[in-house]
Amino acid sequence: EKEEDEKEEDENGDADGGTRYQKSYGSYIILDGWIEVDRSTDTKSFYAKEGTENDLRPDNISVEIGTNPYSLEEHAEFARAIQEQMAAQLAQIGRDTTLTGSGTATEKGDIVYVFTIEEAGKRAAVQYYIVGEQRYCMVYETIYLDEEECDAAAQKIVESFEWAE
């Protein structure tokens, strides 16, 4: 059964350039012009630029919650485990891919690990892992056409993310 989302908006109809979506695990802002796609479930939500949601390969962003065995203090080990798993998966694909990693934080100060996958010299995907206590929120950006616009939407989700209490 799909959860009902709550959207919070200020008196101007937006929340810092978008709409704040409230999920069971937390909340985040989706930029204006992006919509939630019907494939969403309780633990994974999909977003696409309005008007492209029915395209064969639209730029899209998924937001997914998960658990892991790592405490917050072990966040570096969690990042290494993700990187090793992604590198192994990319090696199996056998195409010309490059994996890079970096770190940042949400506006609330939560640790975020960023993994970028490039294929044939062009960014194909970016995975943002917002780290919690034995849990994570992964924001997965799949880029086909408009890298800049997709980046802005994904980064807004990450920056504005807040864990539910």
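Criteria and thresholds
- Residues numbered from 1 in each chain as written.
- Predicted model: local features only at pLDDT ≥ 70, side-chain atom pairs only at ≥ 80, totals over all residues.
- Heavy atoms only, no water.
- Pairing = 2+ DSSP bridges.
- Helix = DSSP H or I, 4+ residues; strand = E, 2+ residues; numbered from the N terminus.
- Axes fitted to C-alpha atoms, helices over the stretch in contact; angles between N-to-C directions.
- Contact = heavy atoms within 4.5 Å.
- Phe/Tyr/Trp six-rings, centres within 6.5 Å; stacked < 30°, edge-to-face > 60°.
- Buried < 20%, exposed > 50% of the residue type's maximum accessible area, 1.4 Å probe, protein only.
- Lys NZ or Arg CZ within 6 Å of the ring centre and 35° of its normal.
- Core = buried A, V, L, I, M, F, W, Y, C linked by side-chain atoms within 4.5 Å.

Undergrad: Teacher, can you tell me more about the sheet that holds strand β5 (residues 44–49) here?
TA: Backbone-to-backbone hydrogen bonds join strands into a sheet, with any given pair of strands oriented parallel or antiparallel. Taken in spatial order, the seven strands make up an open sheet running β4-β5-β6-β10-β9-β8-β7, and their pairing is antiparallel. The strands lining the two open edges of the sheet, one partner per strand, are β4 (34–36) and β7 (97–105). The mean angle between the axes of side-by-side strands here comes to 20 degrees, regardless of whether they run parallel or antiparallel. Note: strand β8 (residues 111–119) against strand β9 (residues 122–132), eight bridges, orientation antiparallel. Note that in β9 the partner of Glu 118 across the bridge is Arg 123. Along the sheet, helix α1 (residues 75–93) makes contact with β7, β8, β9 and β10 (135–142), crossing β8 at roughly 15 degrees.

Undergrad: I would appreciate a short explanation of the packing of aromatic side chains in the present structure.
TA: Given two aromatic rings, their pairing is described by the distance between the two centres and the angle made by the two planes. All chains considered together, the criterion is met by eight aromatic pairs. A centroid spacing of 5.8 Å and a plane angle of 35 degrees characterise the contact between Phe 78 and Tyr 136, whose relative ring orientation is tilted. On the criterion of sequence distance, the pair formed by Phe 78 in helix α1 and Tyr 136 in strand β10 is long-range, its members being 58 residues apart. Phe 78 gets classed as buried once you look at its relative accessible area, which sits at 5%. What makes Tyr 136 buried here is its relative accessible area of 17%. One aromatic cluster is present, built from ring pairs that chain together Tyr 70, Phe 78, Phe 115, Tyr 129 and Tyr 136. Lying over the aromatic face of Trp 163, Arg 135 brings its terminal NZ or CZ to 3.8 Å of the ring centre.

Undergrad: What should I look at first to understand the nonpolar core in this one?
TA: For soluble globular proteins, the rule of thumb is that nonpolar side chains tend to be buried together. Counting residues in each nonpolar core, the largest one holds 24 residues, and the members touching the most others are Tyr 28, Ile 61, Val 63, Tyr 128, Ile 130, Cys 137 and Val 139. If you list the elements that add at least two residues to this core, you get β3 (26–31), β6 (60–67), β8, β9, β10 and α2 (147–160). It is α2 that provides the largest number of residues to this core, a total of five residues. Sequence-distant contacts of Cys 137, defined by excluding residues within four places in its chain, comprise Tyr 25, Val 63, Glu 64, Ile 65, Tyr 128, Tyr 129, Ile 130, Phe 161 and Trp 163. With 13 residues, the next largest nonpolar core counts Phe 78, Tyr 113, Tyr 129 and Val 131 among its residues.

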